[in-house]
Amino acid sequence: MPSDFRLTRRELLKALPVAAVLASCGRTPPYRRSDFDIAARSAVGLFPAPTYDVDFGNVISRGLTELGINVTGRSVLLKPNLVEYSPGTVINTHPLVVAGAATAFLRAGAREVVVGEAPGHRRDIEYLLAVTGLSDHLREMRIRFVDLNHDDVRMVALKSHFTGLERLALPVEVLRSDFVVSLPKLKTHHWAAMTASMKNFFGVVPGAVYGWPKNILHYHGIENSILDLNATIRPQFTIVDAVVAMEGDGPIMGKPRQTGFLAMGADVVAVDATCARIIGFDPAKITYLSQASEFLGHIDPSRIDQRGENPARYRTRFDVLEPFKSLQLAGGG
Amino acid sequence: MTGRNADGGWGYYKGKASRIEPTCWARLALGAAHDETQVRDAAAWLSQRQQPSGWLVENSEWPINIAFNALAAFTLLAHRDQVAEDVRNRLLAAVVASKGTAAPPSDNMRQDNSLQGWSWIDATFSWVEPTCWGLLALKRWGQTLGSDPGVRPGGQTRGSDPGVRPQGLTPALARIAEAERLLIDRSCRPGGWNFGNATVMQQDLRAYAPTTALGLLAMQDRRGEDAVVRGLRALETLWTEEISATSLGLSLICFDVYGQPLDHLAARLAAHAEHAVTFGNHHGIAVALFALASVSQPHAFRL
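Residues numbered from 1 in each chain as written. Chains lettered and ligands numbered in written order. Predicted model: local features only at pLDDT ≥ 70, side-chain atom pairs only at ≥ 80, totals over all residues. Heavy atoms only, no water.

### Considering the overall build of chain A
Then comes step 1: When helices and strands are counted, chain A shows twelve helices and twelve strands.
Then comes step 2: Over its C-alpha trace chain A gives a radius of gyration of 18 Å, about what one expects of a compact globule, namely 20 Å for 333 residues.
Then comes step 3: Sorting the 333 residues of chain A into buried and exposed places 65% on the buried side.
Then comes step 4: Residue pairs in contact within chain A that sit at least 24 positions apart in sequence constitute 77% of those at least 6 positions apart.
Then comes step 5: Total accessible area computed for chain A in this model is approximately 11500 Å², and 50% of it derives from carbon and sulfur atoms.
Then comes step 6: In chain A, the 37 positive side-chain charges and the 34 negative ones have mean positions that sit 4 Å from each other. (Helix = DSSP H or I, 4+ residues; strand = E, 2+ residues; numbered from the N terminus. Rg over C-alpha atoms; globule rule 2.2 N^0.38 Å. Buried < 20%, exposed > 50% of the residue type's maximum accessible area, 1.4 Å probe, protein only. Contact = heavy atoms within 4.5 Å. Areas by Shrake-Rupley, 256 points an atom, 1.4 Å probe, with all protein chains shown as cover. Lys, Arg positive; Asp, Glu negative; His and termini not counted. Charge placed at Lys NZ, Arg CZ, Asp CG, Glu CD.)

Structure representation (structure tokens):
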């Protein structure tokens, strides 16, 4: 199956293994309920960042404090979204947001902060780090970068089986980190509708094992793969770069859209659901968010405690591709 | 050499487990630097990975990486004295037999999804880099056999009597022909190749320098093809924008093979060498080393 290959729902189901089909029919969930203990309520923080000129170390420190995050003595892995480079576009997590997160976690007492990424199309990470400016920031801050595409790997038993896969090779650096932080860019996605904290974990699957693109994830279903990766990695926190987001034909060819905030929280499902509502999607209609709400986190706003700014301040309606218009909230979001 | 593991192979970075790709590139690079005695173990490490199926396996629990097996076949053909012929032939047979899957046509892409080159792992679609390595390995094999005058690189026979072709060559010729069609089909509109989709949702995607250089190396005996002409033109710009050891190194090898002016590119790569060593990716370092040591010399990529 080609990358970004669009199938109809019927075609997709035909291509899925039996376990995934059963899961989508709701008969037997492809995970053990006892493995997933979700808090009754989740907190999501929205913090203003009208431009990339703000002090992200301060903004993120405020978020960690208000959300009660304790990383004292822990090793923190920051997983930004570093995909592709094209001048004037907003494809990647801004390097200043990554640097700000590193500053904030070190300030909060983290034993070590490392940044790791495994781009799915461009395997030349030396080039990507340089051209995006991220390498300059990391060098200045003496933050170690881990090339997750080429790291040592270990086969891991997946904690859910929406894909039908039992195991997947994952980078050792991700597995041994005490505290994994998703650090995505908020974008529309021409296959998954929206990409933020959860979809970002495609970027831990090692290309040197599975290739570029990571076609095995397409074959087993993008949404299924999102669920299995998040169920297995269980990221402890997310910081979404929604200062300037991407609308339209994301995640690469879309247009910049100024949104002016960072979204943070320990429940990646709740943070993504909040972002979805802000840009005009109904999270209950985005399949992977809807399925994640059954075992990984909350999408129901009545179970989400808002910190920082009121979401209404940022609410808008993103331009989305035709097939995703049916996923939008009625009445302009 | 300081990055070499005790088992004779190389990982992607110092201290990481030995892997097929960096070990192959280290073997190619250090061979070019005439450092044969120190790197014989690399070929041994590669051949020790072989399973009864013919494939080299990094870890029995992982999927077989078909692209890097084709790179290994190419490497072992370039250093034939260091590995048993049986090891090489079984590996080549596995490469010849392996095909990426076909997919139905899609309105969102202008590519022909029925064409089958090589995939990264079994039972997935064909992509540019594995297809380039498959082509390079089989063309190199054809060249090796081509000391027999009935065969020439590029997969065509001069003799035209299939009965005298070496065993396994006929299916290899068919694979070469289809893989070349795939690369022509997947070339980006302005020229060059990326990972393997030239368009998605009716939008043209950008070509990358490393995959463009690899595509051109794989198609070096098809210089009249429009995709090759456009690719070469595209690479002249791409390498100036994508500064890394891999990008500059592969571009230099490519321009050397195509007889293009090299001075500016070679100087840029030499200036980048220290950065590449600091960055520490053994694959990139070995590509750069091979390129700098091999230009204007006979070398493995010159078919």
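### Let's talk about the overall build of chain B
Then comes step 1: Counting secondary structure elements, chain B contains eleven helices and four strands.
Then comes step 2: A compact globule built from 303 residues should have a C-alpha radius of gyration of about 19 Å, and chain B, at 18 Å, falls within 12% of that.
Then comes step 3: Considered along the principal axes of its C-alpha atoms, chain B spans approximately 50 × 45 × 40 Å.
Then comes step 4: For chain B, buried positions account for 61% of its 303 residues.
Then comes step 5: Taking all contacts inside chain B whose residues are at least 6 apart in sequence as the whole, residues at least 24 apart take part in 64%.
Then comes step 6: Within the structure as shown, chain B displays about 11200 Å² of accessible surface, and the carbon and sulfur contribution to it stands at 51%.

### Some points on the confidence of the model for chain A
Then comes step 1: Looking at chain A as a whole, the pLDDT averages 93, with 91% of positions reaching at least 70.
Then comes step 2: Between residues 4-23 of chain A, whose pLDDT stays under 50, and residues either more than four places distant or in other chains, the model counts 46 contacts. (pLDDT = per-residue confidence, 0-100.)

### So, the pattern of salt bridges
All names here are of chain B.
Then comes step 1: Enumeration according to the criterion identifies 29 salt bridges over all chains in this entry.
Then comes step 2: With a shortest N-O distance of 3.1 Å, Glu180 and Arg222 are connected by a salt bridge. Placement of Glu180 in helix H6 (residues 169-185) and of Arg222 in the loop between helix H7 (209-218) and helix H8 (226-241) is noted, with a sequence separation of 42 residues between them. (Salt bridge = Lys/Arg side-chain N within 4 Å of Asp/Glu carboxyl O.)

### Points about unusual backbone geometry
Then comes step 1: Residue A:Pro213 follows A:Trp212 across a cis peptide bond; omega there is 0 degrees.
Then comes step 2: Structurally, A:Pro213 can be placed in the loop between helix H8 (207-210) and helix H9 (215-219).
Then comes step 3: The omega angle of the peptide bond from A:Gly250 to A:Pro251 is 15 degrees, so this bond is cis rather than trans.
Then comes step 4: With respect to the helices and strands, A:Pro251 occurs in the loop between strand S10 (237-247) and strand S11 (255-265).
Then comes step 5: A positive phi is found at A:Arg142, a non-glycine position, where the angle reads about 55 degrees.
Then comes step 6: In this structure, A:Arg142 sits in the loop between helix H6 (134-141) and strand S4 (144-147).
Then comes step 7: Using a relative accessible area of 79% as the deciding quantity, one classes A:Arg142 as exposed.
Then comes step 8: Residues other than glycine seldom take positive phi values, yet B:Gln202 does so here, at roughly 65 degrees.
Then comes step 9: Assignment of secondary structure puts B:Gln202 in the loop between strand S3 (199-200) and strand S4 (203-204).
Then comes step 10: Classification of B:Gln202 as exposed rests on a relative accessible area of 58%.

### What about the confidence of the model for chain B?
Residues and elements named next belong to chain B.
Then comes step 1: With 90% of its residues at a pLDDT of 70 or more, chain B shows a mean pLDDT of 90.
Then comes step 2: Here residues 148-164 is a poorly scored stretch, pLDDT under 50, and it has 27 contacts once near neighbours within four places are set aside; other chains count.
Then comes step 3: Interface confidence for the predicted complex, given as ipTM, is 0.92, next to a pTM of 0.93.

### Details of the nonpolar core
Then comes step 1: With 144 residues, the main nonpolar core has A:Leu78, A:Phe105, A:Phe237, A:Ile239, A:Leu262, B:Trp25 and B:Phe301 as its most contacted residues.
Then comes step 2: The leading source of residues in this core is helix H3 (residues 66-78) of chain B, at ten residues.
Then comes step 3: B:Phe301 has contacts with B:Trp25, B:Leu28, B:Phe74, B:Trp133, B:Leu136, B:Leu217, B:Gln220, B:Ile253, B:Val257 and B:Phe290, leaving out every residue within four places of it along the chain.
Then comes step 4: Counting 71 residues, the second-largest nonpolar core is a separate cluster that includes A:Val153, A:Met155, A:Val240 and A:Leu327. (Core = buried A, V, L, I, M, F, W, Y, C linked by side-chain atoms within 4.5 Å.)

### Brief notes about the interface of chain A and chain B
Then comes step 1: At the interface, 39 residues of chain A touch 52 residues of chain B.
Then comes step 2: Between chain A and chain B lies a buried interface of about 3700 Å² when both sides are counted; carbon and sulfur atoms form 56% of it.
Then comes step 3: Along the contact surface separating chain A from chain B lie five salt bridges.
Then comes step 4: One salt bridge connects B:Glu129 with A:Arg123, and the closest N-O pair in it is separated by 2.7 Å.
Then comes step 5: Between chain A and chain B we count 20 residue pairs in polar contact (both at pLDDT 80 or more) in total. (Buried area = accessible area lost by both parts, 1.4 Å probe. Polar contact = N/O pair within 3.5 Å; in protein donor to acceptor, adjacent residues only side chain to side chain.)

### Brief notes about the packing of aromatic side chains
Then comes step 1: By the definition in use, this model includes 22 aromatic pairs over all chains.
Then comes step 2: With 3.9 Å between their ring centres and 10 degrees between their planes, A:Tyr31 and A:Phe295 make a pair best called stacked. Highlighted residues: A:Tyr31 in the loop between helix H2 (18-25) and strand S1 (42-48) and A:Phe295 in the loop between helix H12 (287-292) and strand S12 (304-308), separated in sequence by 264 residues. Each member of the pair, A:Tyr31 as well as A:Phe295, carries the same accessibility label: buried.
Then comes step 3: Aromatic rings pair up to connect B:Trp25, B:Phe74, B:Trp133, B:Phe290 and B:Phe301 into one cluster.
Then comes step 4: One Lys or Arg, B:Arg49, reaches over the ring of B:Trp45 and ends 4.4 Å from the middle of that ring.
Then comes step 5: Just above the ring of B:Trp118 sits the side chain of B:Arg175; from NZ or CZ to the centre is 4.2 Å. (Phe/Tyr/Trp six-rings, centres within 6.5 Å; stacked < 30°, edge-to-face > 60°. Lys NZ or Arg CZ within 6 Å of the ring centre and 35° of its normal.)

### Focus on the packing of helix H4 (residues 85-97) of chain B against helix H5 (residues 128-145) of chain B
Residues and elements named next belong to chain B.
Then comes step 1: Contact geometry of H4 with H5 gives a least axis separation of 10 Å together with a crossing angle of 130 degrees. With respect to H5, the axis of H4 lies oblique. By crossing handedness, the relation of H4 to H5 is classed as left-handed. Counting all contacts with H4, which are made through Asn89, Leu92, Val95 and Val96, the residues of H5 involved are Ala137, Leu138 and Trp141.
Then comes step 2: Of the residues assigned to the contact of H4 with H5, the class counts are six nonpolar, one polar and no charged. (Axes fitted to C-alpha atoms, helices over the stretch in contact; angles between N-to-C directions. Parallel < 35°, antiparallel > 145°, perpendicular 65-115°, else oblique. Left-handed = near helix turned anticlockwise from the far one by under 90°. Nonpolar A, V, L, I, M, F, W, Y, C, P; charged D, E, K, R; others polar.)

### Looking at the state of the cysteines
Residue and element names in this part refer to chain B.
Then comes step 1: Applying the stated criterion across every chain yields a total of zero disulfides over all chains.
Then comes step 2: The cysteine Cys24 is free of any disulfide, with Cys132 supplying the nearest cysteine sulfur at 16 Å.
Then comes step 3: Cysteine Cys254 is unpaired, with the sulfur of Cys132 as its nearest cysteine sulfur at 10 Å. (Disulfide = S-S within 2.5 Å.)

### Things to note about the side chain of A:Thr132
Then comes step 1: Inspection of the secondary structure puts A:Thr132 in helix H5 (residues 125-132).
Then comes step 2: Residues within four places of A:Thr132 in sequence aside, it is in contact with A:Leu82, A:Tyr85, A:Asn92 and A:Pro95.

### Re the environment of B:Gly249
Then comes step 1: Positionally, B:Gly249 belongs in helix H9 (residues 245-257).
Then comes step 2: Look past the residues within four positions of B:Gly249 in its chain and what remains in contact with it is B:Ser244, B:Leu269, B:Val287, B:Ala288 and B:Ala291.

### A few points about helix H4 (residues 95-107) of chain A
All names here are of chain A.
Then comes step 1: With 13 residues, H4 should reach 18 Å at 1.5 Å per residue; the first-to-last C-alpha distance of 18 Å fits that figure.
Then comes step 2: Within the sequence span of H4, burial applies to Pro95, Val97, Val98, Ala99, Gly100, Ala101, Ala102, Ala104 and Phe105.
Then comes step 3: Just beyond H4, the residue with positive phi is Gly109, at close to 100 degrees. (Expected span 1.5 Å × (residues − 1).)

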